[in-house]
Amino acid sequence: MYKWPLRTDVLSCWKPYLCFAAYLAFLSLVPGFSHTTVGGQGGELFASNRCYLYLQFIASFFVVGTAASLFEETFRTTSRQYIRTLPLGTVRVILARYIKLLLFVLIPYVPTVLFMFIRANADLQDYFLLFPQESACPPIPLLFPLVHCVIAVNFYIIGTMFLMFILQNKVIALIVIMVYCAMEAAMLHFVFPQYSVFRGAFNTPDFYHILPVNIRLLAGASAFMLGIILLFYKSRRRSMGSPVRWRR
C-alpha cells in the first residue's frame, strides 16, 4: 500500500516547526509571560492575564507558517496534477497529514499551556497574600484554557488549509491571514469582543467557561472547512481529467 512519505513533509516544514518549539520553550522558561492579576466586572472577580496573547495570537503565526509550508504543494494546481497520478486518496493526502500535523503541534503545545496556567494560578495565590480581600476570585481551571487553546490551534491549521485550497496560492493566503490578525489587534476586539478569534489576547479572557461563544464558533468553523476540503478536493482532482498514460 502506497503511503505519503513522511520525510517529504518533515523537509517542507521543519524550519517553522522548530521556531514554534523554540518559542514555546522560551514561554516556559520565562515566568513573566504568565503574570496574573485579579479583575472585576459586575461585582464578580476573575483572573486576568495575557496568556492568550502569547499562546494564541503570537503562536498562531508559527502554526500558520508550519501548516502553509506543509500543504503548499498539495493545493497548488500544477502540483495537484502530479499528486493525482499517485495511488493516494483524499484521506491520505489531506486528512492523515492534517492529523499528524495537529499531533506534532500539540506535543510541545499542551505542556506549555498547562505549565503557563499552573504558574498563573501560583501568581493568583501570591496576589491573594498581598490583597486578601480579593481572595474570593476562583483559580483558573486548567482544563478550560487547555480546551480553548487546542480548539484555537486546530482552527489555525484548518483555516490555513482552507484559504490555500480556495486561493491556491500560499502567499495570498498568508496575506489574508496577516491582514485579519492586524485588524483584530487594532479594532475588531472592540467591535466583536465575544466573537473574535483571539478573544482574551487583547481584551478580557474567559477562563471560567469551557466553551465560550468564540470557541464554539471556531470549533464549528473548523469542522465545516475541513469537510469542504475533503469533499471538494477529490472533486477538483476528478475535474482535471484522467491522467495521461504513456505508450511505447
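Above this note sits the structure.
Below is a summary of the structure that appears in this document. Please read all numbers here as calculations on a predicted model, not as lab measurements.

Concerning the overall build of the chain
At step 1: A tally of helices and strands in the chain yields 7 helices and 2 strands.
At step 2: Along the chain, from the amino end to the carboxyl end, the secondary structure elements read α-β-β-α-α-α-α-α-α.
At step 3: Counting only residues that meet the buried cut, the chain has 45% of its 248 residues in that class.
At step 4: Contacts in the chain between residues far apart in sequence, at least 24 positions, make up 77% of those at least 6 positions apart.

Looking at unusual backbone geometry
Peptide bonds are mostly trans, and most non-glycine residues show a negative phi.
At step 1: A positive phi angle, near 60°, is found at Gln 168, a position not held by glycine.
At step 2: With respect to the element layout, Gln 168 can be found in the loop between α5 (143-167) and α6 (170-191).
At step 3: For Gln 168, a relative accessible area of 29% puts it in the partly exposed group.

Some words on the state of the cysteines
At step 1: A full pass over the atoms with the stated rule returns 0 disulfides.
At step 2: Between Cys 149, a cysteine without a disulfide, and Cys 51, which holds the nearest cysteine sulfur, the sulfur-to-sulfur distance is 8.4 Å.
At step 3: Residue classification places Cys 149 among the buried residues on the basis of a relative accessible area of 0%.

Side note on α5
At step 1: Here α5 is 25 residues long and its end C-alpha atoms lie 36 Å apart, about the 36 Å a rise of 1.5 Å per residue gives.
At step 2: With 18 of 25 residues buried, α5 lies mostly within the body of the structure.
At step 3: Backbone geometry just after α5 places Gln 168 at a positive phi near 60°.

Quick word on the pattern of salt bridges
Where charged atoms from two side chains of opposite charge approach closely, those side chains can pair.
At step 1: Within the structure shown, the criterion is met by 4 salt bridges.
At step 2: Residue Asp 9 pairs with Arg 97 through a salt bridge whose shortest N-O separation is 2.9 Å. Of this pair, Asp 9 sits in helix α1 (residues 6-29) while Arg 97 sits in helix α4 (residues 90-130), placing them 88 residues apart in sequence.
At step 3: Among the charged side chains, a salt-bridge network with shared partners connects Glu 72, Glu 73, Arg 76 and Lys 170.

Scoring rules and cut-offs
- Residues numbered from 1 in each chain as written.
- Predicted model: local features only at pLDDT ≥ 70, side-chain atom pairs only at ≥ 80, totals over all residues.
- Heavy atoms only, no water.
- Helix = DSSP H or I, 4+ residues; strand = E, 2+ residues; numbered from the N terminus.
- Buried < 20%, exposed > 50% of the residue type's maximum accessible area, 1.4 Å probe, protein only.
- Contact = heavy atoms within 4.5 Å.
- Disulfide = S-S within 2.5 Å.
- Expected span 1.5 Å × (residues − 1).
- Salt bridge = Lys/Arg side-chain N within 4 Å of Asp/Glu carboxyl O.

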